[in-house]
Amino acid sequence: SGTGFFVSADGIIVTNKHVVEDTEAAYSILFNDGRKLSAKILARDPLQDIAILKVDQVAGKGYVFIPLGTSDNLSVGQTVVAIGNALGEFQNTVSAGVISGLRRSLVANGSAVGPEVLQELIQTDAAINPGNSGGPLLDLAGRVIGINTAMAQGAQSVGFALPINIAKKDINDIKEFGRVRYAFFGVRYLMINEKVKEDKKLSVDYGALIVRERLGESAVIKGSTAEKAGLREFDIILEME
């Protein structure tokens, strides 16, 4: 069990990918009034712990949804509220706290597919428990600024949420293209620093060195935009427009 929230009146729901990761399972949405509706998975983001679901409208009535805020201008110390299905048992559990940190990175365990690297996370001391996954993290105006995603085991009041602006891209992709899309450049690369410059005797100490990671791979993917642009292995990308 997990949590989700409506983002539009026509039944679009956002939650975590790990809440609905079983591709063979059927999923249902349980409402506060006891109604239970089947949900269709529209997309599972291949890179982020985000999934987009949809339930059909009943008798043409729209669903009450939560307005989306922005995660671009958050501040450490800002008050936030988390809502979710705590422990899969206590519906609409509300916890309050502050933003404890921004742009956190961690390796999250618990997914059936193994550990997942999560980046740019919002850290909060608002209590997040199992079952809260996929629920909204709100600002004091009631706008969604994050998606409750993970907690640190063995710690107290250390929870993490994905910034809502990441989910906005997925929602817009679903509405416009019917799927989540990512730009694909088509190179494998190594970020250059002073040590890499010295080890590989390069002319610069910044940028991205196009290089394969292991034997049998291609540094430039065949048929990709990078190949069409004429990039080759050991080229250095200094900037992109």
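Here the structure is shown first, and the text comes after it.
Let us look at the structure shown here. Please read all numbers here as calculations on a predicted model, not as lab measurements.

### Re the layout of surface pockets
The space that makes up the largest pocket amounts to roughly 1100 Å³. Every residue lining the largest pocket is counted, 34 residues in all, and those nearest its centre are T3, G4, I29, L30 and F31. Only β1 (5-6), β2 (12-15), β3 (27-30), β6 (79-86) and β7 (90-108) provide two or more residues apiece to the lining of the largest pocket. A per-element tally of the lining of the largest pocket places β3 first, with four residues. Looking at the lining of the largest pocket residue by residue, the classes come out as 17 nonpolar, 13 polar and four charged.

### Some remarks on the sheet that holds strand β5 (residues 51-54)
Pairing is antiparallel across the open sheet formed by five strands, whose spatial order is β1-β2-β5-β4-β3. Each end of this open sheet is capped by a strand with a single partner; those strands are β1 and β3. As defined by bridge partners, β2 adjoins β5 across four bridges and the pair is classed as antiparallel. If you follow I13 over to β5, its bridge partner there is L53.

### Some thoughts on the sheet that holds strand β8 (residues 116-124)
Read around the barrel, six strands follow the order β6-β7-β8-β11-β10-β9 and close on themselves; strand pairing throughout is antiparallel. Going across the sheet, the axis of each strand differs from the next one's by a mean of 55°, ignoring polarity. In this structure, β6 lies alongside strand β9 (residues 136-138), joined through two bridges in antiparallel fashion. Directly across from A82, in β9, lies its bridge partner L137.

### Section: the pairing of β2
Both faces of β2 are covered, namely the face carrying I12 and V14 and the face carrying I13 and T15. Where β1 and β2 come together, two bridges link them in antiparallel fashion. Opposite F6, over in β2, you have I13 as the bridge partner.

### Description of the packing of aromatic side chains
Scanning all chains against the criterion turns up three aromatic pairs. With a centroid separation of 6.0 Å and an interplanar angle of 25°, the aromatic rings of F6 and F31 are classed as stacked. You can see F6 sitting in strand β1 and its partner F31 sitting in the loop between β3 and β4 (36-44), a full 25 residues away along the chain. Overall, the relative accessible area of 12% leaves F6 in the buried class. Residue classification places F31 among the buried positions, given a relative accessible area of 10%. With 6.0 Å between their ring centres and 15° between their planes, F31 and Y63 make a pair best called stacked. Here F31, found in the loop between β3 and β4, pairs with Y63, found in the loop between β5 and β6; they are 32 residues apart in sequence, far enough to count as distant. Sitting over the ring of Y182, K169 keeps its end group 4.2 Å from the ring centre. The side chain of R181 reaches across the aromatic face of F177, ending 3.6 Å from its centre.

Reading the values: rules and limits
Residues numbered from 1 in each chain as written. Predicted model: local features only at pLDDT ≥ 70, side-chain atom pairs only at ≥ 80, totals over all residues. Heavy atoms only, no water. 1 Å grid on protein atoms, 1.4 Å probe; cavity = no way out; pocket = protein on both sides within 12 Å on 5 of 7 lines; lining within 4 Å. Points joined across faces, edges and corners; volume = space filled by probe spheres on them. Helix = DSSP H or I, 4+ residues; strand = E, 2+ residues; numbered from the N terminus. Nonpolar A, V, L, I, M, F, W, Y, C, P; charged D, E, K, R; others polar. Pairing = 2+ DSSP bridges. Axes fitted to C-alpha atoms, helices over the stretch in contact; angles between N-to-C directions. Buried < 20%, exposed > 50% of the residue type's maximum accessible area, 1.4 Å probe, protein only. Phe/Tyr/Trp six-rings, centres within 6.5 Å; stacked < 30°, edge-to-face > 60°. Lys NZ or Arg CZ within 6 Å of the ring centre and 35° of its normal.

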